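# Tertiary structure, described
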Amino acid sequence: CNMNNMIIFFVKIFYINSYIARPVSSWVDDYFDWASDSRCCKYFPKNESFCPHTHSKCSICNIELDNHTHRPLPLQFEKYVPFFLQDNPDESCAKAGHAAYGQGVRYLVDQQGLAHVGASYFMAYHTILKTSADYYESLRSARKIAANITHTINSNLKEMGYDKTVEVFPYSIFYVFYEQYLTTWPDTLFSIGVSLAAIFVVTFLLMGLDVFSSIVVVITITMIVVNIGGLMYWWHITLNAVSLVNLVMAVGIAVEFCSHLVHSFAVSVKETRVQRAEDALTHMGSSIFSGITLTKFGGILVLGFAKSQIFKVFYFRMYLGIVLFGAAHGLIFLPVLLSYIGSPMNKAKVANHERQVQRLQIQDNAACGETSLNRHSYFDMTSFGREVNIMKLVAMKPAFVTCDNIRRKIITFISKSLKKVMGISEFNDSALSKRNIDVCHFGNTASLNCENYPKSCFKPLINVRNVLIVSQQRRASSPVQESQHYEAQHEL
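Definitions and cut-offs
Residues numbered from 1 in each chain as written. Predicted model: local features only at pLDDT ≥ 70, side-chain atom pairs only at ≥ 80, totals over all residues. Heavy atoms only, no water. Pairing = 2+ DSSP bridges. Helix = DSSP H or I, 4+ residues; strand = E, 2+ residues; numbered from the N terminus. UniProt positions renumbered as here; feature names shortened; annotations may be inferred. Disulfide = S-S within 2.5 Å. Buried < 20%, exposed > 50% of the residue type's maximum accessible area, 1.4 Å probe, protein only. Contact = heavy atoms within 4.5 Å. Expected span 1.5 Å × (residues − 1). Bend = angle between axes of the 7 residues up to and from the residue. Polar contact = N/O pair within 3.5 Å; in protein donor to acceptor, adjacent residues only side chain to side chain. Core = buried A, V, L, I, M, F, W, Y, C linked by side-chain atoms within 4.5 Å. Axes fitted to C-alpha atoms, helices over the stretch in contact; angles between N-to-C directions. Parallel < 35°, antiparallel > 145°, perpendicular 65-115°, else oblique. Left-handed = near helix turned anticlockwise from the far one by under 90°. Nonpolar A, V, L, I, M, F, W, Y, C, P; charged D, E, K, R; others polar.

### What about the sheet that holds strand β3 (residues 50-51)?
With antiparallel pairing, the three strands of this open sheet are ordered in space as β3-β2-β4. Whereas interior strands pair on both sides, the edge strands pair on one side only; in this sheet they are β3 and β4 (59-60). Taken together, the two bridges between strand β2 (residues 42-43) and β4 define a ladder with antiparallel strand orientation. Note on β4: the bridge partner recorded for Lys42 is Ile60.

So, in structure tokens, the structure goes:
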């Protein structure tokens, strides 16, 4: 040790805002005072072992002190440390160290009877601590003081030529409970960040390397966690180890409210993002509401009747917020977000879907012996006495197939064909009746005039079949047949 003893060092600390009530008790300083008092150290003359200072038949120790520092010499220091730690204090020798430091100093005695001190502690007292902030700030201050002491001692050892180092650390019974508050915010941000990164990677891989879906999922989960943080502030839920675990769990639970809807949006074959968001919400909204929200909500309500405050505050309140905010974001916020920045339409997926629909429709038509508008069809007009390619029926997507639209296109094609074949310049019921031509189309609709078109037909038509043009004179003998050689592939 240098000339500045431990008491002087802690006296300097005492005047700083360190939550230390008074200077610490150092066994080293008390040992120096005990060694300088001739009434305290005694030994048995027969074997030179320790003798209590109250024993009258024991001899007084002859401890040699340094003339400059008034401290025991190194050999004397190591020899009489065990005596100091075994001696009980009283009014005649108040500095005896058994009561205060008997369990605070660990040492080993070698064959020459010299004690080598290992670990030891210094005892101090905190000021009155009332709030949680006082407790963890006192811990922070104690650690800072211990770090300064460690640096000071190691610097002195290095100057004196020793290659050993020591470490000083604080301990109190309440430190274990308030240590979590020193790193709560860094641990929370790190844990949530790692969880979001893992969700992004897994979503990116499972969604077929779809970066848009991964970003949407991460944004939605982040919004849910942020709203839960606001709920914690509003409902007086402190951030500690329990709430930290709940927040990390909230990240995982929030995936259930997002992943199903995002996947349904990604596989939808609708044209625009808004239509795909509507389609995804139509197919998965009920599952999210009934299968995820209501089932969790029912289990969480039971926690509201618990008598323990930890169940009410950290479980009922937080889990209720997780379910409510998760359902709100999954059913309201997420569809709107997908309509703006959702994954773009996959053209290859749409083409495969349309080919599959056409394949199924062709199989259905083959079984029914009917003609479908979902593919190219060329008709032979044998009713006119010769083979003529009369019209080309254009398939339209189901979202745009209405009675009016499909009728207008068919009328246009029929008009052009009849004008070319039979020289009809105008296309109406009177012109057709002069040529004895009847038009059978659209199921039960018998007129081509828009005015007579029934309002009930203005609804989406998925399959419009049996659009046949025949001659009234030869209807029984010459039905219109589908020409197989003129069948062509058409890309919408």
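### Digging into the UniProt feature "transmembrane region" (unreviewed entry) in the protein chain
When the UniProt feature table is mapped onto this chain, "transmembrane region" (unreviewed entry) is found at residues 189-209, 215-235, 247-267, 287-306 and 318-341. Between the C-alpha atoms that bound residues 318-341 there is a distance of 30 Å. The span itself is 100% helix and 0% strand.

### Here we look at the state of the cysteines
Taken as a whole and judged by the stated rule, the model has three disulfides. In this model, Cys51 is linked to Cys58 through a disulfide, with the two sulfur atoms separated by 1.6 Å. Taking the sign of the torsion about the S-S bond as the criterion, the disulfide between Cys51 and Cys58, at about 75 degrees, is right-handed. Exposure class is identical for Cys51 and Cys58. Each is buried. Looking at the protein chain, its bonded cysteines, counted consecutively from the start of the sequence, adopt the pairing 1-6, 2-5, 3-4.

### Let's talk about the pairing of strand β5 (residues 105-109)
As judged from the four bridges shared by β5 and strand β6 (residues 115-120), these two strands associate in the antiparallel manner. Looking at β6, one finds that Val109 is bridged to Ala115.

### Some words on the environment of Tyr175
Structurally, the position occupied by Tyr175 is in helix α6 (residues 175-178). Spatially, the C-alpha atom of Tyr175 lies 7.7 Å from that of Tyr136, the residues being 39 residues apart in sequence. Leave out the neighbours within four places in its chain, and Tyr175 touches His126, Ser138, Leu139, Ala142 and Pro170.

### Observations concerning helix α9 (residues 241-267)
In a regular helix each residue adds 1.5 Å, so 27 residues correspond to 39 Å; α9 covers 40 Å between its end C-alpha atoms and thus fits that length. The largest bend along α9 reaches roughly 30 degrees and is located at Cys258. Backbone nitrogen of Val242 and a side-chain oxygen of the N-cap are separated by 3.1 Å at the start of α9; the cap is Asn240.

### Considerations on the nonpolar core
Among the nonpolar cores identified, the biggest contains 41 residues, and Ile221, Ile228, Met232, Leu247, Val251, Val262 and Leu334 are the most heavily contacted of them. Among the elements of the structure, α7 (184-206), α8 (211-234), α9, α10 (273-301) and α11 (309-341) are those that each provide at least two residues to this core. Considering each element in turn, this core owes the most residues, 12 residues, to α11. Those residues in contact with Ile221 that sit more than four places away from it in its chain are Leu196, Ile199, Val251, Ala254, Val255 and Cys258. Counting 20 residues, the second-largest nonpolar core is a separate cluster that includes Tyr31, Cys40, Ile63 and Val81.

### Some words on the packing of α7 against α8
Where α7 contacts α8, the two axes come as close as 8 Å, and the packing angle between them is 150 degrees. One element, α7, and the other, α8, form an angle in the roughly antiparallel class. Relative to α8, α7 is oriented so that their crossing is right-handed. Between α7, through Ile192, Leu196, Ile199, Phe200, Thr203 and Phe204, and α8, the contact on the second element is made entirely by Val211, Ser213, Ser214, Ile215, Val217, Val218, Ile221, Thr222 and Val225. Among the residues making up the contact of α7 with α8, the classes are represented as 11 nonpolar, four polar and no charged.

### Concerning unusual backbone geometry
Among all residues except glycine, the phi angle is most often negative; among peptide bonds, the trans geometry is most common. Of note in the backbone geometry, Leu209 takes a positive phi value of approximately 60 degrees without being a glycine. Relative to the assigned elements, Leu209 resides in the loop between α7 and α8. Overall, the relative accessible area of 55% leaves Leu209 in the exposed class. At His236, a position not held by glycine, the phi torsion is positive, near 60 degrees. Given the relative accessible area of 66%, His236 is considered exposed.

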